[in-house]
Amino acid sequence: MKQYDKKNRFLLLLALMLCLLLFQTLSAAQAASSSSVIEDGSGILRLHIRANSNSRRDQEIKLKVRDALLPYFEQSASYEDAREYLLENGRDIQSICESVLLAEGADYGVYLQLGTETFPDRTYEGTLYPAGDYDALIVVLGSGGGQNWWCVLYPPLCIVTPDGETVDTEDIEFESGLWKWLSSLFEGWSK
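Given the structure is predicted, the values throughout are model-derived calculations rather than measurements.

## Notes on the sheet that holds strand S3 (residues 110–119)
Then, number 1: Here we have 4 strands laid out as an open sheet, ordered S3-S6-S2-S7, and mixed in their pairing. Each edge of the open sheet is held by one strand with a lone partner, namely S3 and strand S7 (148–154). Strand-to-strand twist in this sheet, taken as the mean axis angle between neighbours without regard to direction, amounts to 25 degrees.
Then, number 2: Relative to S7, strand S2 (residues 45–50) runs antiparallel, the two being bridged by 6 bridges.

## Quick word on the packing of aromatic side chains
Then, number 1: Within this structure, the stated rule accounts for 2 aromatic pairs.
Then, number 2: Seen from their ring centres, Phe119 and Tyr134 are 6.1 Å apart, and the 70 degrees between their planes marks the pair as edge-to-face. A residue pair is termed long-range when its members are at least 10 positions apart, and Phe119 in strand S3 and Tyr134 in strand S6 (residues 132–141) qualify at 15 residues.
Then, number 3: Residue classification places Phe119 among the buried positions, given a relative accessible area of 2%.
Then, number 4: Tyr134 sits in the buried class, given a relative accessible area of 3%.
Then, number 5: Their ring planes at 65 degrees and their centres at 6.3 Å tell us that Phe119 and Trp150 sit as a pair that is edge-to-face. One end of the pair, Phe119, is in strand S3; the other, Trp150, is in strand S7, with 31 residues separating them in the sequence.

Rules used throughout
- Residues numbered from 1 in each chain as written.
- Predicted model: local features only at pLDDT ≥ 70, side-chain atom pairs only at ≥ 80, totals over all residues.
- Heavy atoms only, no water.
- Pairing = 2+ DSSP bridges.
- Helix = DSSP H or I, 4+ residues; strand = E, 2+ residues; numbered from the N terminus.
- Axes fitted to C-alpha atoms, helices over the stretch in contact; angles between N-to-C directions.
- Phe/Tyr/Trp six-rings, centres within 6.5 Å; stacked < 30°, edge-to-face > 60°.
- Buried < 20%, exposed > 50% of the residue type's maximum accessible area, 1.4 Å probe, protein only.

Next up, the structure:
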């Protein structure tokens, strides 16, 4: 009887895995067909913040600088508005960054540059921004040797929580309830 139960469990598990694979394939196809692709990087303004180092403290400071800067770009109605704001208020933006560094006791400075930067593929709100060169506000903290953070300033696509806090999409982890359930089935078999 136990042999029969194991065989049925195995077949059920196999059928579920095939269904899961089919579901994932269909979901990916639907996502690909519903997303758009930016063909031209003109009219896009990105933000690129480079941390001083990969130390925990420098990474925290990088995120505090990010949080201090993002509210200043929410009001931009166009690419030209955002770029003009940067050009007219560069010293104020520099001061905002320096204030964060001072408040955090950082012993390094900040360097701002408005230029062209190469970015990897990234999808925001169903739109693919392909790898390539984009206009960007580049914020270099200290030596700029640490992990960086980037988003799209215009159109404003930096992902935020309902409380207004930004979400670093690299830190998002997804779990599958179905996978957990299937794993629990395997655990029961070994006992």
